[in-house]
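# Observations on the three-dimensional arrangement
Here is what each chain is made of, one letter per residue.
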Amino acid sequence: MSTQTETHAFQAEVSEVLSLVVHSLYSNREIFLRELISNASDALDKLRFEALTAPELMGAEESLGIVLDADPEARTLTIADNGIGMTREELVQNLGTIASSGTRRFLDALKEGGAENAPDLIGQFGVGFYSAFMVASEVRVTTCRAGESSGSVWVSGGEGSYSLEEADGLGRGTIVTLSLREGDEFDAFLQEFTLREVVRKYSDFVEYPIQMQIERTKPKLDDEGKPIEGETETNQVTDTLNSMKPLWAKPKEEITDEEHEEFYKHLSRDWNAPFDTIHFRAEGTLEYTALLYLPAQQPFDLFDPAARASKVSLYVRRILIMRDCEDLLPGWLRFVRGVVESNDLPLNVSREVLQDDPRVRQIQKRLVRKVLDSLKESLADDRERYEEFWRNFGVCLKEGIYYGDDVEQRVSGVSLFGSSHGEGLTTLAEYVERMGDDQDAIYALTGTSRKVLECSPHLEALASQGVEVLFLTDPVDEWMLQRLTEWDGKPIRQADKGEGLAEGDEAKAAREEKQKEFEGLLGAMQAALADDIQEVRFSARLKNSAAVLVGEENALSPQLERMLRRSGQDVPKQKRILELNPGHALVTGLEKLHAVDAQSPRVAEIAELLYGQALIAEGMALEDPGRFTKLLTELMTSSVKG
Ligand code: ADP
């Protein structure tokens, strides 16, 4: 019934992906079947969902399913479904272009990562349908969209173009016919045994029957029902290859690790086993089942601003209502994969309804709690393994603290930080345990790297009194600290802000006295730095360094200020305080110089140099490196001239 055949070129990215898939995935060939079965199962989900509001799309008694058919003579393998099907436009859009923006990045990542990482990458990015070309020299897709009277046939050898023609008289759904490549390794996919194995391995939990006609050879029976010696008969029977039971509906203790692993891989497209599995049934006024997985590796889109929604699917009475339902988990737990099924929610829920539904909020609260409980357990059970997890996902959890979701300090309780105590990571509870009796606060210091922080002048006085300092080097830490202001009743103080470590009354009085005495010097230095510094004063926090920069208690840190500016926000310039070490020879020298010659230009120059040096020590950039270098050179020159 076909009319004209048209030839179309693939979008450039498709051709590139196709050749990569065909040439780099051969060791995992069999996954093509999983991908095509997933697509068929998705198409059935979509049909069932659309039929909720348009019942005419399917017959009332109709059974939905997937049929495999191997034809050894023609060397073809067919995967057919009676799902939603595709219109001609959808066919072109779905199989001729790569719509997702992830693909471009996938290709870039592949170029960076090298071909040997291709299987992992392809798994993560999911190039689904195109994996058919690993085993097929030609793929034919015959499809008819539910509710349409005519359909289309798409044919391609996977080499840059595909043909498209119209076809009438098709039933609803999609038939994918693979003409297998020549060779024993491809012949395997014509055998019942292999197909059965691969389906059981990857697609057992698919909720629709995956059926195949198989030949059963039995001894022939005589009229009395006894086998006739040496005679057999062969019958065709329909066999269902998968158990179809959705994994989450099975009793917890009956699920094997392998089943979890395959289901997780199916949901996430990850190639690694999950880090942890959470499976529970909530009973009471709102009943639901949740099966959640925490990944072990960072997914590629973890920090993609367009992929910040939760990745948990919502089912109501076995029907997939929403993939990636953003209301089931907060965005900071977007790495969690899984399924929630509740029979207590209405089938016709829309995104808008879900957003305001108190039942969904109740589910979310419980899921967050469960995830955090399981992290707490992992932290206690196997520290090393947990630290690996934390390195991948800690940033997200810290986001959770920032967003105000640190209920009862459950998130900060499983958070790990670098610290001056040693190379490793510490929890806040461990920090508190090490605190001396007279230490009144937890101290933290933010900065660009551990190395910079280890050399920070801010540590000097704290270290000399044996006070441990948390080293926070993630950009998100700055944000987190705005919320995380105390732990277990102890205030968390930033070492580079405010007054610093409490000093004794006597020391304080002496410092204030001195401050008065050298008012003139401090004022002159401040005048020289008026654009950047609000005050120059004597410090209680320095031991070896001559000077350090300090922020006001609630001021933005320079890192945060820089981040905000970069993101285009108009932030007023934050002037900090320059603190001088009263015991440092440079400072006492300055005092003398000022006493002898209050007008000496040296005072201003040294003030500038001290400020520049303090910036460098923080790992920050100088505003005018040229001027700094000139002043420094002059000073060095005068010191060698004698
Ligand atoms: P993905 O499944 O990750 O979206 P694929 O390349 O496997 O990527 O498929 C692309 C799209 O083609 C699917 O999203 C779906 O819309 C459509 N598609 C593929 N197979 C079928 C099918 N059997 N029935 C209906 N639509 C399909």
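Residues numbered from 1 in each chain as written. Predicted model: local features only at pLDDT ≥ 70, side-chain atom pairs only at ≥ 80, totals over all residues. Heavy atoms only, no water.

### Considering the layout of surface pockets
The condition that has to hold: Cavities and pockets are defined on a 1 Å grid built over the protein atoms alone: a cavity is a set of grid points where a 1.4 Å probe fits but cannot escape, while a pocket is an open set with protein on both sides within 12 Å along at least five of seven lines, and lining residues are those with an atom within 4 Å of any such point. Grid points are joined across faces, edges and corners, and a volume is the space filled by probe spheres set on the points. Secondary structure is summarised from DSSP: a helix means a run of H or I of at least four residues, a strand means a run of E of at least two, and numbering begins at the N terminus for each. Put simply, Ala, Val, Leu, Ile, Met, Phe, Trp, Tyr, Cys and Pro go in the nonpolar bin, Asp, Glu, Lys and Arg in the charged bin, and everything else, Gly too, in the polar bin.
As a volume, the second largest pocket reaches approximately 380 Å³. What lines the second largest pocket is a set of 16 residues, and nearest its centre among them are P558, E561, K573, M620 and E623. Examining the composition of the lining of the second largest pocket, we find that 4 residues originate from one element, helix α19 (residues 558-566), more than from any other. Here the residues of the lining of the second largest pocket are counted per class, giving 7 nonpolar, 1 polar and 8 charged.

### Looking at the packing of helix α20 (residues 585-596) against helix α21 (residues 601-617)
To keep it simple, the criterion reads: Structural elements are reduced to axes, namely lines fitted to C-alpha atoms, with helices fitted over the stretch in contact, and the angle between N-to-C directions of any two is expressed from 0 to 180 degrees. Should an angle fall under 35 degrees it is taken as roughly parallel, and over 145 as roughly antiparallel, whereas 65 to 115 is taken as roughly perpendicular and any remaining angle as oblique. Two helices cross in a left-handed way if the nearer one is turned anticlockwise from the farther one by less than a right angle. They cross in a right-handed way if the turn is clockwise. It only takes one pair of heavy atoms within 4.5 Å for two residues to be counted as in contact.
Two elements in contact, α20 and α21, have axes separated by 10 Å at closest approach and are oriented at 160°. The orientation of α20 relative to α21 falls into the category roughly antiparallel. Judged by the sense of rotation from one axis to the other, the crossing of α20 with α21 is left-handed. Residues L586, L590, L593 and H594 of α20 form the contact with α21, whose participating residues are R602, V603, I606 and L610.

### As for the pattern of salt bridges
Here is the rule we go by: We count a salt bridge whenever a side-chain nitrogen from Lys or Arg sits within 4 Å of a carboxyl oxygen from Asp or Glu.
Scanning the model with the defined rule gives 40 salt bridges in all. The salt bridge involving K250 is made with E259; its shortest N-O contact spans 2.8 Å. Bridged by salt links that share partners, the residues R383, E387, R391 and E430 form one connected network.

### Here we look at the environment of D570
Mapped onto the secondary structure, D570 falls in the loop between α19 and β23 (576-580). Linking D570 and D270, residues 300 residues apart in sequence, is a C-alpha distance of 41 Å.

### Overview of the site of the ligand
In plain terms, the rule: Here a residue counts as near a molecule or strand whenever at least one of its heavy atoms sits within 4 Å of it. Polar contact is the term for a pair of N or O atoms within 3.5 Å; when the atoms are in protein, one must be able to donate a hydrogen and the other to accept it, and sequence-neighboring residues count only if both atoms are side-chain atoms. Using the Shrake-Rupley algorithm and a 1.4 Å probe, accessible areas are obtained, with residue cover drawn only from the displayed protein chains.
Every residue near the ligand is listed here: N39, A43, K46, D81, M86, N94, L95, G128, F129, T174 and R269. N94 places a side-chain nitrogen or oxygen 3.1 Å from an oxygen atom of the ligand. For the ligand, whose free accessible area comes to 530 Å², the fraction covered by protein is 78%. When contributions to the shell around the ligand are tallied by element, the ones reaching two or more residues are α2 (31-53) and α3 (88-96). Tallying contributions element by element places α2 first for the shell around the ligand, with 3 residues. A per-class count over the shell around the ligand returns 4 nonpolar, 4 polar and 3 charged.

### A few points about the pairing of strand β5 (residues 150-156)
To keep things clear, this is the line we draw: Burial classes: relative accessible area under 20% of the type maximum marks a residue as buried, over 50% as exposed, and values in between as partly exposed (1.4 Å probe, protein chains only). Only strands that DSSP links by at least two bridges are regarded as paired with each other.
In terms of burial, β5 is largely enclosed, as 6 of its 7 residues are buried. Bridge count for strand β4 (residues 136-144) against β5 is 5 bridges, and the pairing is antiparallel. Paired with T143 across the bridge in β5 is S152. Sheet topology places β5 next to strand β6 (residues 161-168); 7 bridges connect them, and they run antiparallel. Residue pairing in the sheet places V153 in a bridge with E165 of β6.

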